[in-house]
Number of protein chains: 2
Amino acid sequence: MRRLLVVLILGWWTSAAVQADEGMWLFNGLPKQDLKQKHDFEVTQDWAEHLQLASVRFNSGGSASFISSNGLVLTNHHVAADTLYKLSTAERNLAEDGYYADILEDELKAPDLELNQLVSIEDVTARVDAAVKPEMDAAEASKARQAVMSKIEQESKEKTGLRSDVVTLYGGGRYHLYRYKQYTDVRLVWAPEVQAAMFGGDADNFEYPRYCLDVTIFRVYEEGQPAKIEHFLSVNPDGAQDGDLVFVSGNPGRTQRILTAEALEYQRDHRLPDVLNLLRRKEVLMQQYALEGPEQERRGRDAMLGIQNSRKAYTGMLAGLQNPGFIEQKRSQHRQLQEAIGTEQPWQTIAEVQDRRVELKSRTGSLRGRIYGIAEDLVLMAQEDEKPSPERLREFRDSNRESFEQALFSPAPMYADLERTELADELARFVEIRGGSDPLVAKVLAGKGPRQRAADLIQQTSLFDVEARKKLAKQGLAGIRASDDPLIELAVILNEEYRQLRGISEELDEKERQAYAKITEAKFKAEGDSVYPDATFTLRLAFGPVQGYEEDGQSVPSNTTMGGAFKHQTVHDSEGAWVLPKSWMDAQDSIASSTPFNFVCTADIIGGNSGSPVVDRDGKLVGVIFDGNIQSLTGDFYYTDVQARAVAVHIASVLEALRSIYSATELVQQIGR
Amino acid sequence: MRRLLVVLILGWWTSAAVQADEGMWLFNGLPKQDLKQKHDFEVTQDWAEHLQLASVRFNSGGSASFISSNGLVLTNHHVAADTLYKLSTAERNLAEDGYYADILEDELKAPDLELNQLVSIEDVTARVDAAVKPEMDAAEASKARQAVMSKIEQESKEKTGLRSDVVTLYGGGRYHLYRYKQYTDVRLVWAPEVQAAMFGGDADNFEYPRYCLDVTIFRVYEEGQPAKIEHFLSVNPDGAQDGDLVFVSGNPGRTQRILTAEALEYQRDHRLPDVLNLLRRKEVLMQQYALEGPEQERRGRDAMLGIQNSRKAYTGMLAGLQNPGFIEQKRSQHRQLQEAIGTEQPWQTIAEVQDRRVELKSRTGSLRGRIYGIAEDLVLMAQEDEKPSPERLREFRDSNRESFEQALFSPAPMYADLERTELADELARFVEIRGGSDPLVAKVLAGKGPRQRAADLIQQTSLFDVEARKKLAKQGLAGIRASDDPLIELAVILNEEYRQLRGISEELDEKERQAYAKITEAKFKAEGDSVYPDATFTLRLAFGPVQGYEEDGQSVPSNTTMGGAFKHQTVHDSEGAWVLPKSWMDAQDSIASSTPFNFVCTADIIGGNSGSPVVDRDGKLVGVIFDGNIQSLTGDFYYTDVQARAVAVHIASVLEALRSIYSATELVQQIGR
C-alpha cells in the first residue's frame, strides 16, 4: 500500500538520461516516438483524451477512475480509508468491516471528499515569467509570481466555472494551467473488509508477491442524482498477462529527481532523518493511544496506517540515498551541465538554500493535528481576507475557497481524547524544536506542562463544533480579535512566527525555482525537450510491461492468484495480519482460484498513484495500482526497472470478489457500462 | 515495571532541601535523627547491617534479596527477564510460560549472571583527591584519578579477594570503596508466566492500581552446592498495611538531582529528546522484526520490553523538565549558593561542558548491538592489556576481569537475523549522525548501503562462536592485527574515533566532577552534611509510609488484592494484555481473593530499585519493589510525594500464588527459613 503525503512543493524534473520505461509523462507531452519505437504503440488523440477524462484525482491524496456511465469511481481501499474512517462510529466500523449499498438510497455521502477530473491544460509560462522582473529580489519575485498565478487562476475560474490551478513544472521551468471539473457529492458504494484490502498488513506492505483486494467503489452525484459520465473505462478481465504492455494514468504526488547533489545531501542528512524521527514518534504515540481500548484503536487506526506506511516508504528512500556512490554520480552528471553552460551559479544558489534550511531546523511556528489546524486556518483566513485575492497566501485565494471551506467545515467526527493526545505531543515537540528557554515557548505553554496545557486547550475550545467555526469565519478579523477561544488565541500567538517562517520558506523556494529553471534550460539544450517533469500530484501517464523479476536468486512471477491468498494464509499459520475475512473463508469453494489477483509492471509510479487505473493498449481497464515493491522506494530520487515494480490489483479479481464473495451482482452489472 | 539502564556516570547529589521522605541514603550515612523524629524509629547497627547483607545487586541491572538460608534470591520477573530469555529456545519459552524446579537438579544455571552482596564500605576520598595535583589539566587529572581508583581497587581485590569498586559520590565530592562478595553460579528456581508478571502489559506500565506478580526466584550456589546464607530476610505476610512505615533496600541506578540549571537545560533540550528518538527508533525496528513471525517475536521480546519501558520512563522525565518553572527554581536556589561562596565559576564550567556536549552530537565512534559490542571489546581489551592495569580504561583493569569475561564469553544464544537487523539500523544511524559525506562513514560502509554491509558483516564474522572469541582474546594484540574477521576490522577502523571521543568525554566528566565537588562543599557548608548523594547503582536505603493518593479528584487506595486482578481482567474484556494465564483461571476458586497483591509507598526510588526488598520496622520482608507510578517519573530530577509512589508486590501474594496457583509447596517451605 502506498499512501500519499501530498506536499505541494516544487515540481522537480528528472536530470538523469531517461532509460527503459522511466517517466511520468504529461498528457500534453506524451512520448509518442518512444512508445512507437520501443513498444510499437501508436498514441492517438482519442485514446489519450479518453483516458485523461476517465481519470480522477482524490483531493485527499490518491487517484481513481470512472468505471461506469452512472458515476461509479474505482480507487484503493487505502485511498478511501480516510472517508471510511470518517463515516464510521463506535457502533459501525466501515473501515474494518466493509460496506455494500445494493440500492442507491444506501450509498453514504462522504463528509468532505472532493474529486477532480482534468479537463484541459494550457501553457502559461510566458505570462508567469513576465510578472517577475529582473530587478526583483527573491521575496518580491515570489510575491509577484504567486500574485500572477492567483490572477490567472481566478480569471479562469470566473470564465469557465472550473477549478483552475497553475502548476509549477520542471522545478520552475514551465507553468501550466490545469482546469478541473470538481465533484463534491461523492458516496460510498462498496468497500471490502480491511482484512481483505490489507491482507498481510504492515508486514507485507511494500512486499511482493501480494494478495490484497485493495479497492473501494464510490459514486459521484450531481444535483442529487448519479452523475452521467461520458468518459469511463470499460474492463478487460483477460488483460495484464505476463509481458503485456500496460499504461498507468494517475497523479504521482512528488518525485525529486532533478535535485542537485547538495539538495540530495540535505535530504539524506537532514530532511529524511527528521521526517523519520517524526513518523516514529507519531507511530509510538498512536500505539500507546490504541492500548487504551478497542474504541481508541479504531479512532486512531487510519492515522496509524498512514504513519506506518510513510515510515516504511521514507526508510526505503533514505536507504537509497545512503547508498554510497549515488550522489557522487549525480554530481558528475551535473558537472557536465555546468561545463555546457559555463557557470556553477544555479548549483551554488541551491547549495546555499540548503544551508539556510538547516539553520531553520530549530524554528517552527505551527503545530500539527486537526484541531490546531482549524484554529490556524481560521486566523490566517481572517487576516488574508483583508487583502485582495491575488495578494493572499495561495490557499486563501477566492478560486480555492470552495475546496478550502469543504475541509474547514467538514462534519467528519473528531475525538477530543485523540486530539488531546496529539496536541500534548505537539506541544512537547514544539519545546524540543525551539528549546525550553525560548520566549515563544513560554507564551505557548502559558505556565503549564505540555500535557496539562493540551488538556486545558481541548477542554475549553469550541472548535469541535462546526457551527462555531462557521460563525467565527463569518465574523472575519473582528471575530478573531474578539474571540476568547484558547486555541484561536494560541494560533494568534504563533501567527507572527508562522508568517515569518513561511515568508522565508517561500523566498527560498523562489530561489530554487529560478535556479532549477536555469538548470532545466541547460538540460533542454543538452538533451532536447522530450523529458518529463518531476511529479506534482497532477495527471501523468506511465507505462511498461507486466513483468516479474529476480530476487535473492529466485524469480518472482508477475502474477498472483486468488487461490494463492488462501495458501499465503496457511504459510503464515493464519496468524497476525494473515487472516482472511470470514466472507472469504465462507466463499472459498465458490471462488475461481486461478483468477489473477495482484500483478506487477515496470511503470514509473510513486505515492499518489494509489488507485490509478491500469489500462491495456485498447484503453481498457485491467487493474488498479495500489503499491510499489520495496525496491521501488528509491523512486523519489531515481527510477530503476531491475527489481523495482508497481503493484496492482487485477480487475478480474475485483469482479470475481464482487460476484463470489460479496454477492454484489447489481454492482458488477454496472461496471464498464 | 521499571527496567534499569545502568549508566555508570557521575553520581550526583541532591541540591534541593530534603523534604518529606525524600532520600536514597548511604548505609554508612543513614538519617538516624530524621527517622527518630519523623517516624519514631530507632536504627540499630544490627538492623542496618542485617538488611545490608541480605540485599543483593544484579549486575545485569536490578536489585534483590536473600530470602532463605539455602540461597534463595527474590527479585522481579522483569529483572530476571534477560536470563529467562537467554535460557529460552524456540521450543522452550521460559520468559513466556514460566518455570518451576521442584528439585535442585532441575534448577537452571544462568549463562552470565553475577550477583553482588555489599560487604563493606570505606571512605577513600583523601587518597583519591591526593592523586590529583592542582597543576594538572582536566585530561591529566582524569587519568590520575582513574589510575589511583584502579590501584585502590586492585589492592583491595588482592587483599580481600572481594570485588572492589571505588564509587564516585556527590558528583565527585566523595569517593567510597565498596567491597562485594560475588555470586556467579546463579540458578533459576521459579518464574511465573509473563501474563501474570506483566498483567496489563505496556498499557498498565507505570500506572496504578496494578495487579502484577512481577517476581522470580533464583538460588545462588557455591562449589556446586546451594550457598549457605547467614543474612536472609524472614517474611511478614501481614505487613505493609495502610500507613505502615516501610523501608526499601536496593540499588537505585541513577538520579541527577544535583544538576545545575544549564545541565538540566542540556538534558531537556538535547539529551532526553535524543534518547527518546533513539528509543522510538529501536521500538519501531523491533516491532517490524517481530512481524516476521512468532519466533522473531520471541527473540526480540526482551529487548522490546526494555525499550518500551525506557521510552515511557524517559517521556515522563522529559515532561518533568518541560514543566515551566522547575529549572528557574533550580537556578534561584543555586544563586544563593553562588552568593554564599562568592563565585559562579563551578557553574560556568558546567555550562561550558554542556556546550561541548552539544557540539559532540554530530560525532560517534561506536555502534550499538551485542555482536559489534563483542568486536569492540576484543579490540579494546587487546590494546589495553598492553598497559599496566591502573593505566587502562576502567572496564579493562585486572580487578574487573572476571566480571568482564563472564559477559564477553557468555554462551547465551545470539540470533544472526536479529543482530543483522540491529546492525543495519546502527550503520544507517551512524550515517545519519555523522552525515553521509563524512570520510569515516565511507570507510565504515565500504562502498555498500547499510543493509548490504550489515548482511555481509554478519555472514562473515566468526564472533557468534564463543570459542572463536576466546581464541582471539588469548592471542592479544597480535591476534587482532592478524584477524580478517570483518567485524574486528570494523572495530579497528572505528578505534581512533572511539578513543578520541572517550578521551574528550572523560575530560568533560572530570571537569564536571571538580565543579560539582566545589558545589558539594558549598552545600555541606550551607546545609550541613546530612544529605544523600545522587543514585549510583549502589546500595541505598529509602523509606516512607504505605499510602494512597489523590488523582483527578479520586482517591487511589494503597493496596490492591488478588481478587482485584480478575475484576481488572473483566473490566478490560479479557483483551490485549489483560489476559491472566490459564494457571490463574484454573486456580481462581482456590485463591484467597482478599490477599493483598500490589501496594504503594512514598519511598524515594528509581530504576535499578526493581526487585528491592521492602521490609517493615522489624526488618521482615513485606514486599518487592517493581515499579513507580507515572507521577514518580520525574524522580531523576526531583522527588515529590504528592502523587509519586513506589509500587511493590506484596509478599503475601507471592506466597499465596506459590501455594494456590503454582503448587510450589516445597519452595514455600524454604522461604524465610
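Residues numbered from 1 in each chain as written. Chains lettered and ligands numbered in written order. Predicted model: local features only at pLDDT ≥ 70, side-chain atom pairs only at ≥ 80, totals over all residues. Heavy atoms only, no water.

It is worth spelling out the packing of aromatic side chains at this point. Going through the model one piece at a time under the given rule, you end up with 28 aromatic pairs over all chains. Between the aromatic rings of A:Trp190 and A:Tyr662, the centroid separation amounts to 5.3 Å while the plane-to-plane angle is 65 degrees, which identifies the pairing as edge-to-face. Here A:Trp190, found in strand 10 (residues 185–191), pairs with A:Tyr662, found in the loop between helix 22 (651–660) and helix 23 (665–670); they are 472 residues apart in sequence, far enough to count as distant. A single burial state applies to A:Trp190 and to A:Tyr662, both of which are buried. The interplanar angle of 70 degrees and the centroid separation of 5.3 Å between the aromatic rings of B:Tyr170 and B:Phe524 together place this pair among those described as edge-to-face. Linking B:Tyr170 in the loop between strand 8 (163–169) and strand 9 (174–183) with B:Phe524 in helix 19 (residues 486–527), this pair joins segments that are 354 residues apart in sequence. On the basis of relative accessible area, B:Tyr170 is assigned to the buried category, the value being 7%. Looking at B:Phe524, the relative accessible area reads 12%, which means it is buried. Aromatic ring contacts, followed pair by pair, group A:Phe41, A:Trp47, A:Phe247 and A:Phe543 into a single cluster. (Phe/Tyr/Trp six-rings, centres within 6.5 Å; stacked < 30°, edge-to-face > 60°. Helix = DSSP H or I, 4+ residues; strand = E, 2+ residues; numbered from the N terminus. Buried < 20%, exposed > 50% of the residue type's maximum accessible area, 1.4 Å probe, protein only.)

This part is about the interface of chain A and chain B. Opposite the 34 residues of chain A that make contact, chain B presents 34 residues. Taking both partners together, chain A and chain B bury about 2900 Å²; carbon and sulfur atoms supply 50% of that area. When the buried area of chain A at its contact with chain B is split by residue, A:Arg280, A:Gln322 and A:Glu432 rank highest and sum to 20% of it. Taken together, chain A and chain B are joined by zero salt bridges. (Contact = heavy atoms within 4.5 Å. Buried area = accessible area lost by both parts, 1.4 Å probe. Salt bridge = Lys/Arg side-chain N within 4 Å of Asp/Glu carboxyl O.)

We now examine the domain arrangement of chain A. All names here are of chain A. What the domain assignment reports for chain A is domain 1 (2–114 + 184–257 + 533–670) and domain 2 (259–361). Centre-to-centre separation of domain 1 and domain 2, based on C-alpha positions: 25 Å. The partner domain 2 presents 27 residues to the 29 residues of domain 1 that form the contact. Counting the contacts that link domain 1 with domain 2 gives two salt bridges. Of the charged contacts in the structure, one is a salt bridge between Asp202 and Arg311, with a shortest N-O distance of 3.3 Å. Viewed at the interface, domain 2 and domain 1 are joined by eleven residue pairs in polar contact (both at pLDDT 80 or more). (Domains from an automatic or database assignment. Polar contact = N/O pair within 3.5 Å; in protein donor to acceptor, adjacent residues only side chain to side chain.)

Quick reminder: α-helices carry 3.6 residues per turn. Residues three or four places apart thus point the same way. All names here are of chain A. With 19 residues, helix 15 (residues 416–434) should cover 27 Å at 1.5 Å per step; its first-to-last C-alpha distance of 26 Å lies within 8% of that length. Most of helix 15 sits out of view: 15 of its 19 residues are buried. In the stretch just after helix 15, Gly435 is the one whose phi turns positive, near 90 degrees. (Expected span 1.5 Å × (residues − 1).)

Now for the environment of B:Tyr175. Residue and element names in this part refer to chain B. As for its placement among the helices and strands, Tyr175 is situated in strand 9. The exposure class of Tyr175 is buried, given its relative accessible area of 0%. Each C-alpha atom, one on Tyr175 and one on Thr160, is 19 Å from the other, the two residues being 15 residues apart in sequence. Setting aside its immediate chain neighbours within four residues, Tyr175 contacts Glu122, Asp123, Val124, Thr125, Val128, Asp129, Arg145, Met149, Val166, Val167, Thr168 and Arg513. Among the polar contacts made by the side chain of Tyr175, one reaches the side chain of Arg145 at a distance of 3.0 Å.

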